[in-house]
Amino acid sequence: MLIESMTTEEFSKLVQRIKTVIIPIGSIEAHGPHLPLATDLYTIYEICKRLIQEIPLFLAPPIYYGLCRSTRNLPGTISIRGETLKALLTDIIHSLYQKGLRNFIILSGHAGGTHNAFLIDAAESTLETLVEGRFLVADIYTLLKKDLLALGFEEDDSHAGEWETSLMLYLRSELVQNLDQAFEDYPRFPKYQIVREKDKFWASGIWGNPKKATSEKGKLLVDHLLLNLKRHIEEFLNY
Ligand SMILES: [Zn+2]
């Protein structure tokens, strides 16, 4: 149930019986020569659209932007401050709560640690103000991590690498281009340092090996993601 394409009448009818909403969150950031800047949004949003075919939930219009640290200086990355992200998400939650929603599932396609900490913080601080509100916050990488290892993906495969490129090949193949120009690469940030010229240590935005990506692997990962999400959501709603 996509909120963005509903009428106000449809919304008010549905909210009588459905109290749970998913809020998808992405990022706009460099993803190598082969994936679009909004990859993190496209993957999670497509998965959410599949999920609502199976479980009756509201799906809120997504937040395209996120906080991007490592790719901050790369062409095309548009990062917002964590405080802005937290304030935006908090305002959206408050407005949805006022309309009758109570269970908030916040799913991020971007797996940056700082970005996700602000999402968790938005939920934590809202717990105090919206007394009937309940929250689940997860990101695509954490949801998949165990399966990735079990399915034989390299432990160090991450951003714009094998698994993320596979997801895009399956979910939005028309947006994958120049795969022949993609290459295996990894960031080389000096440990513990917060460096200014981040592109000196990671110029490609690739973390892993996109050459090994296939649409079949993408389908497998989508199946696993849907299973994992259904399990976590069921646990969340029955808690
Ligand atoms: Zn990504």
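If you're wondering where the values come from, they're calculated on a predicted model, not measured in any experiment. (Residues numbered from 1 in each chain as written. Predicted model: local features only at pLDDT ≥ 70, side-chain atom pairs only at ≥ 80, totals over all residues. Heavy atoms only, no water.)

1. A short note on the coordination of the zinc ion
How we decide: We call an atom a donor if it is N, O or S and sits within 2.8 Å of the metal, or 3.2 Å for Na, K and Ca. Water is not counted, so some sites may look partial. Working rule for geometry: tetrahedral if four donors all subtend angles between 85 and 135 degrees; square planar for four, octahedral for six, if opposite donors exceed 155 degrees and the others stay between 65 and 115; irregular in every other situation. Segments assigned H or I by DSSP are reported as helices when at least four residues long, segments assigned E as strands when at least two residues long, and all are numbered from the N terminus. The buried label applies to any residue whose accessible area, calculated with a 1.4 Å probe on protein chains only, is under 20% of its type's maximum; exposed applies above 50%, and partly exposed to all values in between.
Each protein donor to the zinc ion is listed here as His31 (NE2), Asp40 (OD), Glu164 (OE) and Glu164 (OE); together their distances run 1.9 to 2.7 Å. For the zinc ion, the four donor atoms in the first shell make angles of 53 to 136 degrees at the metal, a pattern classed as irregular. Each donor residue of the zinc ion lies on the same chain, and together they follow the pattern H-x8-D-x123-E. A residue pair is termed long-range when its members are at least 10 positions apart, and histidine 31 in the loop between β1 (20–25) and α2 (39–54) and glutamate 164 in helix α6 (residues 162–171) qualify at 133 residues. With relative accessibility at 1%, the residue histidine 31 sits in the buried group. Here glutamate 164 falls in the buried class, since its relative accessible area comes to 3%.

2. A closer look at the pattern of salt bridges
Condition: For this document, the term salt bridge refers to a Lys or Arg side-chain nitrogen within 4 Å of an Asp or Glu carboxyl oxygen.
Overall, the coordinates contain 13 salt bridges when judged by the stated rule. In this structure, the salt-bridge partner of lysine 200 is glutamate 197, at a minimum N-O distance of 3.6 Å. By relative accessible area, lysine 200 is classed as exposed at 61%. Aspartate 223 is paired through a salt bridge with lysine 219; the nearest N and O atoms lie 3.0 Å apart. Separated by four residues within a single helix, aspartate 223 and lysine 219 lie in helix α7 (residues 215–238), roughly one turn from each other.

3. Some details on the packing of aromatic side chains
The criterion, for reference: Under the pairing criterion, centres of Phe, Tyr and Trp rings, with the six-membered ring standing for Trp, must be within 6.5 Å; the plane angle then separates stacked pairs below 30 degrees from edge-to-face pairs above 60, leaving the rest tilted. Charge-over-ring placement is defined geometrically: NZ (Lys) or CZ (Arg) within 6 Å of the ring centre, and within 35 degrees of the ring normal.
Under the definition given, this model contains six aromatic pairs. With a centroid separation of 5.4 Å and 20 degrees between ring planes, the pair formed by phenylalanine 104 and phenylalanine 135 is classed as stacked. Taken together, the residues phenylalanine 104 in strand β3 (residues 103–108) and phenylalanine 135 in strand β4 (residues 134–139) connect sequence positions 31 residues apart. Phenylalanine 135 carries the same exposure label as phenylalanine 104, and that label is buried. An angle of 85 degrees between the planes, with centres 5.8 Å apart, marks the rings of tryptophan 202 and tryptophan 207 as edge-to-face. For tryptophan 202, a relative accessible area of 2% puts it in the buried group. Grouping aromatic residues by their ring pairs yields a cluster made of Phe189, Phe201, Trp202 and Trp207. Note that arginine 172 overlies the ring of tyrosine 42, its terminal NZ or CZ placed 4.9 Å from the centroid.

4. Some words on helix α5 (residues 140–150)
Basically, it comes down to this: This arc is taken over the directions from the axis of the helix to the C-beta atoms. Residue contacts are counted whenever heavy atoms from the two residues lie within 4.5 Å of one another.
Among all positions in α5, only Ile140, Tyr141, Leu143, Leu144, Asp147 and Leu148 are buried. Taken down its axis, α5 places every buried residue within 145 degrees of arc, on the same side. Residues of α5 that are exposed and point more than 90 degrees away from the buried face comprise Thr142, Lys146 and Ala150. Where the residues of α5 are buried, they touch α2, β3, β4, α6 and α7.

5. Describing α2
Quick note on the threshold: Helix span is expected to be 1.5 Å times the residue number reduced by one.
Between its terminal C-alpha atoms α2 stretches 23 Å, which fits the 22 Å expected from 16 residues at 1.5 Å a residue. When you tally the buried positions in α2, you get 12 out of 16 residues, the bulk of the element. Taken residue by residue, α2 has Thr39, Asp40, Leu41, Tyr42, Thr43, Ile44, Tyr45, Glu46, Ile47, Cys48, Leu51 and Ile52 as its buried positions.

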